[in-house]
Amino acid sequence: MSDKASSKNKTTEKKTSEGIGGGSLGQALLVPVLAVITGLILGGIVMLATGSNPIQAYGALFAGAFGTPSTIIAGIQTYFATGDNAELVKSLYPFTESLVTATPYIFAGLSVALGFRAGLFNIGAEGQFFIGALCSAYVGYSIKDLPMIIHLPLAIGAGALGGAIWGMIPGYLKARFGAHEVVNTIMMNWIAFRLSDWLLSGPMQASNFRPVTPNVAASAELPRFFEDPLRFNLGFFLALLFAYIVYWFLFKTTLGFEVRSVGANPDASKYAGMNIIKNFVLVMSFAGALAGLAGTAQVLGVDHWVGQGFSAGYGFDAIALALLGKSHPFGVVLAALLFGFLRSGATNMQSLAGIPVDIISIIQGLVIVFIAAPAIIRWLYRIKSLKVEEIVLTRGWGK
Amino acid sequence: MTNTTIQTNTTALEQRKRISYGMTLLVVGILIYLFFGINAIPGAQTTFGLNLLGSQAIQVSDLVVPAQGTIYLMVGIVIFAGAYQLARGVKSTGLLIGIIAFTFVTAFLTWAAQDKSFNLTGMLSSSLVRATPIALAALCGVISERAAVINIGIEGIMLMTAQIAVVTATMFQNLYVGLIAAILLGGLVAAFHAFLVIRYKVDQTVSGVAINIIGAGFTSFFSSKYLQGATDTLNNSGTFPIISIPYLSKIPVLGPTLFENNIIVYLMLILVVLMHILLFYTPWGLRTRAVGEHPKAADTLGINVYLTRYVNVILGGMIAGLGGAYFTIGSVGRFDELMTAGKGFIGLAATIFGKWSPIGAFASSLIFGFADSLQVKLQILRVPIPSEFLLMAPYIVTMIILTGVVGRAIPPAADGQPYEK
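Within any chain, residue numbers begin from 1 and follow the written order of that chain's sequence. Here every chain gets a letter starting at A, and every ligand a number starting at 1, in the order they are written. Thresholds applied to this predicted model are a pLDDT of at least 70 for local features of residues and 80 or more for the giving and counting of side-chain atom pairs; totals over whole chains, interfaces and linings are not thresholded and use all residues.

As for the overall build of chain B
Turning to step 1, where the next piece is worked out: A run of H or I in DSSP counts as a helix once it spans at least four residues, and a run of E counts as a strand once it spans at least two, with each numbered from the N terminus. A count of helices and strands for chain B gives 16 helices and five strands.
Turning to step 2, where the next piece is worked out: In terms of overall size, chain B behaves like a compact globule, its C-alpha atoms giving a radius of gyration of 23 Å where 421 residues would be expected to give roughly 22 Å.
Turning to step 3, where the next piece is worked out: Across its three principal axes, chain B shows a C-alpha extent of roughly 65 × 60 × 40 Å.
Turning to step 4, where the next piece is worked out: As a rule, residues whose C-beta atom has 12 or fewer other C-beta atoms within 10 Å are exposed, those with 20 or more are buried, and those in between are partly exposed; C-beta atoms are placed from the backbone. Expressed as a percentage of its 421 residues, the buried residues of chain B come to 53%.
Turning to step 5, where the next piece is worked out: Contacts are defined on C-beta atoms placed from the backbone: any two residues whose C-beta positions lie within 7 Å are in contact. Within chain B, contacts between residues at least 6 apart in sequence are counted, and of these 79% link residues at least 24 apart. Only the C-alpha atoms count toward the radius of gyration. The rule for a globule is 2.2 Å times the residue count to the power 0.38.

See below:
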């Protein structure tokens, strides 16, 4: 990059449409990686300032997110020596738990990212998440004695459908009447919260005093790969599959091209004969379905029941994920994994080093700032030039 | 609303509008009859309490009305208005929405409180109080977005300022120190937002989201690290006292509602009026709007676009800081994690719903405040329909109104776009 000519050449390169897919991977990852490192350093400074030891804290975070290498090796040795896998399974707990945490993040992040691609700002992932979870739970516990091969897809489909309907309404209102999707998705969130309050304390309440649903039937649970303390389940791979589907949809289909055109320039797309209304409704339904699936993955794969406050913060974290992943499906997966590791490891950090888990939110926020303002990172690390690759994330109030 | 009236192809549009309004009014009339009219107990009476306990206002006798008769009267009013609208057409859409809201809410309350007593003044008073943080958030949105900077981080700003208000107020044993600290911090965080979006041209939504996340993270971190163990020394400030305006507070109903409040509510009311005047009747307001609508033209005329944006965003942050202070030193006197509970986002909705005008934003906030306070009252009344459904009403109404009754909300033309010379 020291070569002046080559750097000049790079800045004049046209922006690629595929985001991370185009250009060299190293360059695409340089800013995010440096941003994460800078965020962690600043987080460490906050810890120092509040009288904690950041090295000990990050050690605990790492161990909580990935597990301790020595116990994993010991587990493997025991397994080969005696055939007893209990120790190995136990040592894998932190790592798999991080993946479990990342699963709903992947779905929810994809939901917001898809909206961004079409120039729509879906703040409603939170409500769609909740509705998806409730629909899945309902199908999961109310139908009994079905074989898993029918019951599980039915429950998953119900979650996707519930989320899709919750997303479609603001999409339709936006397309048909020009009603603001930001306001309407916020309103739909609150309607979802009130609806769930009612459902959980009435029609869907299990027969006890707590406002929670009954447990879903075993045939509707996403199968787990290991025995009990490990909650790692099929949901994670389902999330990866959907990341690929979203990628394929956006970049390999005509419809996806239309969606991206509408997002990049609605007026031009309209004059090119694309149907804006259809695109808005389609994208919001798809986005809603993805957010609904996030709830589904959480309820069918991890909790097996839904209670109040189930959706706590996923919708807003999803916005951060989509931004961090530059609205690219694979970027979102990486961002979700990062969030999963951080969130999951933070629990260990809190119990071992006594640092509140909320430090992770501070680090996340800082990382977003740095990724959004690469100029700061360039200045901090004296990077002369980067292949600046701009995609329109949001466009004001989505005119 | 004096702003944003872009009209094209007026006659056909107005024709359609007139009919859809008229039909809406008729439908509301029928709904009121079906929901409340039929279900009203014949001969039952509804008592609306007009006196607030502990208020200075002159006592008046309670309003006692026959339940069924009142509901039928409301049906009559809304049907008549609908018929008139279909036949003649009314220019003011605000009036029509007002009629719908008034008749529906009156009929509903009359029905819900039949054979019981319902304190109307208490309800109105708590609506205004609950609308205060929402209105302040909305005003922050208005002032920033009029200069074309979207501030989605209001929620985060309010959380941080709520915390610093109570902590400084407790430490210095002085509520005004807390208030000033909150306003200053609000301005500071907003300045950070402005710096990112103006200097570095960071996507405005992204910056706002980051502020929300950092705000939630930092306040929760600080709270569990320090506040939980030291409630008395850091997190127990007391609240601003109620100030009664002499003479005015003696007016029945109006007095307890408007003139017996704490300083933050008064400041909010003053700000609404002040901002309306500033935005629409002063050179500063004209410059702000020019920067929001067409920054290039504004720049050509010698207006400093960047400076205007900085000033507006920072002022907006200070207003949001005032809103944050309301949560702690204005209402409960202590900080709880995530206590703003989405009010910043509701404020954002109120900004848009109010079409980027201070008075519109305030009116929208009142609707949400009213809904908020209704929630508490309905639980006391034990209404036979699940209260959750009634609580959805304001959100559904907002969506319906946005959908077409009011028409498209048209933001300032340059809203959300960075300006490059």
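Further notes follow.
Observations regarding the overall build of chain A
Turning to step 1, where the next piece is worked out: The number of helices and strands found in chain A is 17 helices and zero strands.
Turning to step 2, where the next piece is worked out: Here chain A, with 399 residues, has 54% of them falling under the buried criterion.
Turning to step 3, where the next piece is worked out: Nonlocal contacts in chain A, meaning residues at least 24 apart in sequence, comprise 78% of its contacts between residues at least 6 apart.

Thoughts on the packing of helix H3 (residues 54-66) of chain A against helix H6 (residues 93-117) of chain A
Residue and element names in this part refer to chain A.
Turning to step 1, where the next piece is worked out: Think of each axis as a best-fit line through the C-alpha atoms, taken over the contacting stretch in the case of a helix, with angles from 0 to 180 degrees between the N-to-C directions. Here H3 crosses H6 at 80°, and the two axes come no closer than 5 Å. Considered as vectors, H3 and H6 are oriented roughly perpendicular to each other. When H3 is examined against H6, the residues Ala-63, Gly-64, Ala-65 and Phe-66 are found in contact with a partner set consisting of Pro-94, Phe-95 and Ser-98.
Turning to step 2, where the next piece is worked out: Looking at the contact of H3 with H6, its residues break down into five nonpolar, two polar and no charged. Each angle receives one of four descriptions, namely roughly parallel if under 35 degrees, roughly antiparallel if over 145, roughly perpendicular if within 65 to 115, and oblique otherwise. Each residue is assigned to one of three groups, with Ala, Val, Leu, Ile, Met, Phe, Trp, Tyr, Cys and Pro labelled nonpolar, Asp, Glu, Lys and Arg labelled charged, and all others, Gly among them, labelled polar.

Overview of the interface of chain A and chain B
Turning to step 1, where the next piece is worked out: If you look at the interface, chain A gives 41 residues, while chain B gives 42 residues.
Turning to step 2, where the next piece is worked out: The biggest single contributor to the side of chain A that touches chain B is helix H9 (residues 181-201) of chain A, with ten residues.
Turning to step 3, where the next piece is worked out: Residues belonging to the side of chain A that touches chain B are distributed by class as follows: 27 nonpolar, ten polar and four charged.

Some words on the pairing of strand S1 (residues 45-49) of chain B
Residue and element names in this part refer to chain B.
Turning to step 1, where the next piece is worked out: Residues Thr-46 and Phe-48 of S1 are buried on one face, while the alternating residues Gln-45, Thr-47 and Gly-49, pointing to the opposite face, are not.
Turning to step 2, where the next piece is worked out: Any two strands with at least two DSSP-identified bridges between them are counted as paired. Two elements, S1 and strand S2 (residues 63-66), share four bridges in a ladder whose sense is antiparallel. Each residue of the ladder has a partner; that of Thr-47, found in S2, is Val-64.
Turning to step 3, where the next piece is worked out: The pairing of S1 with strand S3 (residues 117-119) spans three bridges and is classified as parallel. Paired with Gly-49 across the bridge in S3 is Asn-119.

A word on helix H6 (residues 175-199) of chain B
Turning to step 1, where the next piece is worked out: For a helix, the expected span equals 1.5 Å multiplied by the residue count minus one. Taking 1.5 Å of rise per residue, the 25 residues of H6 of chain B would be expected to cover 36 Å, and the 35 Å separating its terminal C-alpha atoms lies within 8% of that figure.
Turning to step 2, where the next piece is worked out: At the exit of H6 of chain B stands Lys-201 of chain B, carrying a positive phi of roughly 55°.

Topic: unusual backbone geometry
Residue and element names in this part refer to chain A.
Turning to step 1, where the next piece is worked out: One non-glycine residue with positive phi stands out, namely Asp-145, at about 55°.
Turning to step 2, where the next piece is worked out: Considering the arrangement of structural elements, one finds Asp-145 in the loop between helix H7 (125-142) and helix H8 (148-177).
Turning to step 3, where the next piece is worked out: Taking the number of C-beta atoms within 10 Å as the measure of exposure, Asp-145 has 7 and is therefore exposed.

Details of the domain arrangement of chain B
Bring the parts together and some accessible area is lost; that lost area is often taken as the interface size.
Residues and elements named next belong to chain B.
Turning to step 1, where the next piece is worked out: Boundary definitions for the domains trace back to an automatic or database domain assignment. Along its sequence, chain B is carved into domain 1 (10-115) and domain 2 (124-365).
Turning to step 2, where the next piece is worked out: On a C-alpha basis, the centres of domain 1 and domain 2 stand 34 Å from each other.
Turning to step 3, where the next piece is worked out: Contacts between the two partners involve seven residues from domain 1, matched on the other side by ten residues from domain 2.

Focus on the nonpolar core
Turning to step 1, where the next piece is worked out: Ranked by internal contacts, the top residues of the largest apolar core, which has 251 residues, are Phe-107, Ala-108, Leu-290, Leu-321 and Ile-368 of chain A together with Leu-139 of chain B.
Turning to step 2, where the next piece is worked out: Setting aside chain neighbours within four positions, we find Phe-107 of chain A in contact with Ala-239, Phe-242, Leu-290, Ala-291, Leu-293, Ala-294 and Ala-297 of chain A. A set of buried Ala, Val, Leu, Ile, Met, Phe, Trp, Tyr and Cys residues, joined to one another through C-beta atoms within 7 Å, is what we call a nonpolar core.

Quick look at the sheet that holds S3 of chain B
Residues and elements named next belong to chain B.
Turning to step 1, where the next piece is worked out: Taken together, three strands build an open sheet; the order of strands is S2-S1-S3 and the sheet is mixed. Of all the strands in the sheet, just S2 and S3 have a single pairing partner and so form its edges. If you compare each strand with its neighbour and ignore which way they point, the axes differ by 25° on average.
Turning to step 2, where the next piece is worked out: Across the face of the sheet, helix H2 (residues 67-87) comes into contact with S1 and S2 while running at roughly 80° to S2.

Considerations on the environment of Leu-196 of chain B
Turning to step 1, where the next piece is worked out: Locating Leu-196 of chain B in the fold gives a position in helix H6.
Turning to step 2, where the next piece is worked out: The exposure class of Leu-196 of chain B is buried, given the 23 C-beta atoms found within 10 Å.
Turning to step 3, where the next piece is worked out: Taking the C-alpha atoms as reference points, Leu-196 of chain B and Ser-207 of chain B, eleven residues apart in sequence, are found 7.1 Å from one another.
Turning to step 4, where the next piece is worked out: In contact with Leu-196 of chain B, not counting residues within four places along its chain, are Val-369 and Ala-373 of chain A together with Val-202 and Ser-207 of chain B.

Describing H8 of chain A
Turning to step 1, where the next piece is worked out: Here H8 of chain A is 30 residues long and its end C-alpha atoms lie 43 Å apart, about the 44 Å a rise of 1.5 Å per residue gives.
Turning to step 2, where the next piece is worked out: Immediately beyond the C-terminal end of H8 of chain A, within one or two residues, lies Gly-178 of chain A, with a positive phi of roughly 70°.

Section: the confidence of the model for chain A
Residue and element names in this part refer to chain A.
Turning to step 1, where the next piece is worked out: For every residue, the pLDDT score states the predictor's confidence, bounded by 0 at the bottom and 100 at the top. Taken as a whole, chain A shows an average pLDDT of 83; of its residues, 89% reach a score of 70 or greater.
Turning to step 2, where the next piece is worked out: Per-residue pLDDT, averaged within each element of chain A, yields its smallest value for helix H1 (residues 4-12) (40) and its largest for helix H10 (residues 235-252) (94).
Turning to step 3, where the next piece is worked out: Counting contacts from residues 1-22, a segment whose pLDDT is below 50, to residues more than four positions away or on other chains yields 26 contacts.

Some remarks on the environment of Ala-49 of chain A
Turning to step 1, where the next piece is worked out: Topologically, Ala-49 of chain A is positioned in helix H2 (residues 25-49).
Turning to step 2, where the next piece is worked out: For the pair formed by Ala-49 of chain A and Ile-376 of chain A, sequence separation is 327 residues and the distance between their alpha carbons is 23 Å.

Digging into the packing of H6 of chain A against helix H13 (residues 276-303) of chain A
Residues and elements named next belong to chain A.
Turning to step 1, where the next piece is worked out: The geometry of H6 relative to H13 is characterised by a closest axis approach of 7 Å and an angle of 175° between their N-to-C directions. Judged by the angle between their axes, H6 and H13 are roughly antiparallel. Between H6 and H13, the residues in contact are Val-100, Thr-103, Pro-104, Phe-107, Ala-108, Leu-110, Ser-111, Leu-114 and Gly-115 and Val-283, Phe-286, Ala-287, Leu-290, Ala-291, Leu-293, Ala-294, Ala-297, Gln-298, Gly-301 and Val-302, respectively.
Turning to step 2, where the next piece is worked out: Split by residue class, the contact of H6 with H13 holds 15 nonpolar, five polar and no charged.

Digging into the environment of Arg-18 of chain B
All names here are of chain B.
Turning to step 1, where the next piece is worked out: Position of Arg-18 among the secondary structure elements: in helix H1 (residues 10-37).
Turning to step 2, where the next piece is worked out: Taking the C-alpha atoms as reference points, Arg-18 and Phe-108, separated by 90 residues in sequence, lie 26 Å from one another.
Turning to step 3, where the next piece is worked out: Ignoring anything within four residues of it in the chain, the contact list for Arg-18 reads Gln-85 and Gly-89.

So, the confidence of the model for chain B
All names here are of chain B.
Turning to step 1, where the next piece is worked out: Scored by pLDDT, chain B comes out at a mean of 84, with 93% of its residues at no less than 70.
Turning to step 2, where the next piece is worked out: Taken as a whole, residues 1-8 scores under 50 in pLDDT and shows eleven contacts with residues more than four places along the chain or in a different chain.
Turning to step 3, where the next piece is worked out: Here the predicted complex scores 0.82 on pTM and 0.76 on ipTM.

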